[in-house]
Amino acid sequence: MIDLSVKYLGLELRNPIIVSSSPFTASADKIVRLEQHGAGAVVLKSIFEEQLIGETAFLDRYHDYPEAADYLGAYVRSDYVDSYLDMIAQAKQRTSLPIIASINCVTGGEWVEFARRIEEAGADAIELNIFLLPTDKDQDSDAIERQYLDIVGKITSTVSIPVSVKLGSRFTNILSIVKEIYYRHGKGVVLYNRFYEPDINIDNISLVEGDTFSMAGELRNSLRWIALTSAQVPLIDISVSTGVHTGEDAVKALLAGARTVQVCTALYKHGLGAIDDMLAFMTGWMQQHTFQYVSDFSGMLNQKGVADPDFYERVQYMRYFPKEPVM
Ligand SMILES: Cc1cc2nc3c(=O)[nH]c(=O)nc-3n(C[C@H](O)[C@H](O)[C@H](O)COP(=O)(O)O)c2cc1C
């Protein structure tokens, strides 16, 4: 009997497939449907720091009327906050899925208190969606990384539910930042977030939105880092986001050392049935390879598990691409 259950952030999941923070997880009704399609857990659509502290750009219009701004600020904030907390409570009541709340944040400021209310509303964990876009050439990378870690430290000392951190892929040394997150009591990391990207239309010479969805093959960007991180910082749980489109992708991520995988684009492209398909694939693959539990193979191909760990350290093609190009 195949058993797909896994432990992630100390939570029991019936399987490793998590629906990532996105419009799919923006209401309790949607979460009920995700449970019916077999999801192992959900990460709620992020609530943004700006929403928590009151939409400042909007409130700036009232700078001549500070009392009106205060009143509106409190109103805007409590409306967002209340509906987010209500969604958590409803999702907990109507499903038995682990519910991971998500906060997008850029500072360790006033909003941190809100994390406590998320915990009180019944969330099982918090995923911090942090991305500090470096746009200032005079700000060194150490200062930016300290800001990430400051946020993590403040949250983990505020709540007692597990905290994970969803990171972008552009760190000079991802292993070091993951280790530092672990030292600040982070229980997990999500590698990686995929952000809104600008593109250029050369016909009318203008800026346009880049493709919102990941492409097949983008998972390869993370496999090396899952394999290295899970070997070198083994006590932190890794969840993989970006490019997990099929059951085969999920198996690869788990073999490399991930505890769970997160899906979003796959659901946009193939509907919620993509979760059922991934689970069916994983079950068939485990039967074929005579694995009963996910723990029988997870991390089997991480840096410590493979016979040739240098494989993960090869980056240049100089010696390993002998094929002559056809010209
Ligand atoms: C429309 C849309 C909205 C998203 N909103 C959020 C969000 O609020 N918070 C977050 O952490 N990630 C958000 N994401 C990123 C996804 O959770 C995911 O990390 C990303 O799409 C890469 O995974 P995929 O290849 O499975 O799509 C969003 C993605 C999409 C496409």
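Note that the coordinates shown come from a computational prediction; the quantities given were computed from them, not determined experimentally.

**Q** Honestly, the layout of surface pockets in this entry has me stumped. Any pointers?
**A** Empty space among the atoms becomes apparent when a probe as large as a water molecule is rolled across them. The volume enclosed by the largest pocket comes to roughly 740 Å³. Contributing to the lining of the largest pocket are 31 residues, with Ser21, Asn193, Arg194, Thr212 and Cys264 lying nearest its centre. The set of elements that each furnish at least two residues to the lining of the largest pocket consists of β6 (99-105), β13 (260-263) and α10 (265-270). When grouped by side-chain class, the residues that make up the lining of the largest pocket number 9 nonpolar, 16 polar and 6 charged.

**Q** Is there a simple way to think about the site of the ligand in this case?
**A** If you check the shell around the ligand, you find 19 residues, and the closest are Ser21, Lys45, Ser46, Ser214 and Thr265. Between the ligand and Ser21, the relevant distance is 2.7 Å, taken from an oxygen atom to a main-chain nitrogen or oxygen of the residue. Between an oxygen atom of the ligand and a main-chain N or O atom of Gly243, the distance comes to 2.8 Å. Burial of the ligand by the protein amounts to 89% of the accessible area it has alone, namely 610 Å².

**Q** Please explain the packing of aromatic side chains as it appears in this structure.
**A** A ring pair, where both rings are aromatic, is described by two values, the distance of the centres and the angle of the planes. Tallied over the full model, the rule gives 9 aromatic pairs. Relative to Tyr268, the ring of Phe24 has its centre 4.7 Å away and its plane inclined at 65 degrees; by these criteria the two rings are edge-to-face. Taken together, the residues span a long stretch of sequence, with Phe24 in the loop between β3 (17-19) and α1 (28-36) and Tyr268 in helix α10 at a distance of 244 residues. Residues Phe131 and Phe195 carry aromatic rings whose centres are separated by 4.2 Å and whose planes lie at 15 degrees to one another, so their mutual orientation is stacked.

**Q** What exactly am I supposed to notice about the pairing of strand β9 (residues 188-191) here?
**A** With burial as the criterion, each face of β9 is covered, one bearing Gly188 and Val190 and the other bearing Val189 and Leu191. Both strand β8 (residues 163-167) and β9 contribute to a ladder of 4 bridges, which runs parallel. Bridge pairing in β9 places Val165 opposite Val189. Tracing the backbone out of β8, into helix α7 (residues 174-183) and back to the parallel element β9 gives a crossover that is right-handed. Note: β9 against strand β12 (residues 237-240), 4 bridges, orientation parallel. Bridge pairing in β12 places Val190 opposite Ser239.

**Q** I keep staring at the pairing of β6 and nothing clicks. Help me out?
**A** Looking down a regular strand, the side chains alternate between one sheet face and the other. When you tally the buried positions in β6, you get 7 out of 7 residues, the bulk of the element. Residues of β6 alternate between two faces, with Ile99, Ala101, Ile103 and Cys105 on one and Ile100, Ser102 and Asn104 on the opposite face, all of them buried. Note that strand β4 (residues 41-43) and β6 share 2 bridges and pair parallel. Across the sheet, the residue bridging to Val43 is Ile100, located in β6. Across 2 bridges, the pairing between strand β5 (residues 47-48) and β6 is parallel. Across the sheet, Ile47 pairs through a bridge with Ile103, a residue of β6. Handedness of the crossover joining β6 and strand β7 (residues 125-130) through helix α5 (residues 112-121): right-handed.

**Q** Would you take a moment to explain the pattern of salt bridges for this structure?
**A** Between side chains of opposite charge, a pair can form as their charged atoms come close. Under the counting rule described, the total for this entry stands at 12 salt bridges. Ionic pairing is found between Asp150 and Lys154, a salt bridge with its closest N-O pair at 3.5 Å. Of this pair, Asp150 and Lys154 both sit in helix α6 (residues 141-156), 4 residues apart, roughly one helical turn. For Arg259, the salt bridge goes to Asp237, with nearest N and O atoms at 3.6 Å. One end of the pair, Arg259, is in the loop between α9 (247-256) and β13; the other, Asp237, is in strand β12, and 22 residues separate them in sequence. Residue classification places Asp237 among the buried residues on the basis of a relative accessible area of 9%. Connected via shared salt-bridge partners are Lys179, Glu180 and Arg184.

What counts as what
- Residues numbered from 1 in each chain as written.
- Predicted model: local features only at pLDDT ≥ 70, side-chain atom pairs only at ≥ 80, totals over all residues.
- Heavy atoms only, no water.
- 1 Å grid on protein atoms, 1.4 Å probe; cavity = no way out; pocket = protein on both sides within 12 Å on 5 of 7 lines; lining within 4 Å.
- Points joined across faces, edges and corners; volume = space filled by probe spheres on them.
- Helix = DSSP H or I, 4+ residues; strand = E, 2+ residues; numbered from the N terminus.
- Nonpolar A, V, L, I, M, F, W, Y, C, P; charged D, E, K, R; others polar.
- Near = heavy atom within 4 Å.
- Polar contact = N/O pair within 3.5 Å; in protein donor to acceptor, adjacent residues only side chain to side chain.
- Areas by Shrake-Rupley, 256 points an atom, 1.4 Å probe, with all protein chains shown as cover.
- Phe/Tyr/Trp six-rings, centres within 6.5 Å; stacked < 30°, edge-to-face > 60°.
- Buried < 20%, exposed > 50% of the residue type's maximum accessible area, 1.4 Å probe, protein only.
- Pairing = 2+ DSSP bridges.
- Right-handed = clockwise from strand over helix to strand, strands pointing away.
- Salt bridge = Lys/Arg side-chain N within 4 Å of Asp/Glu carboxyl O.

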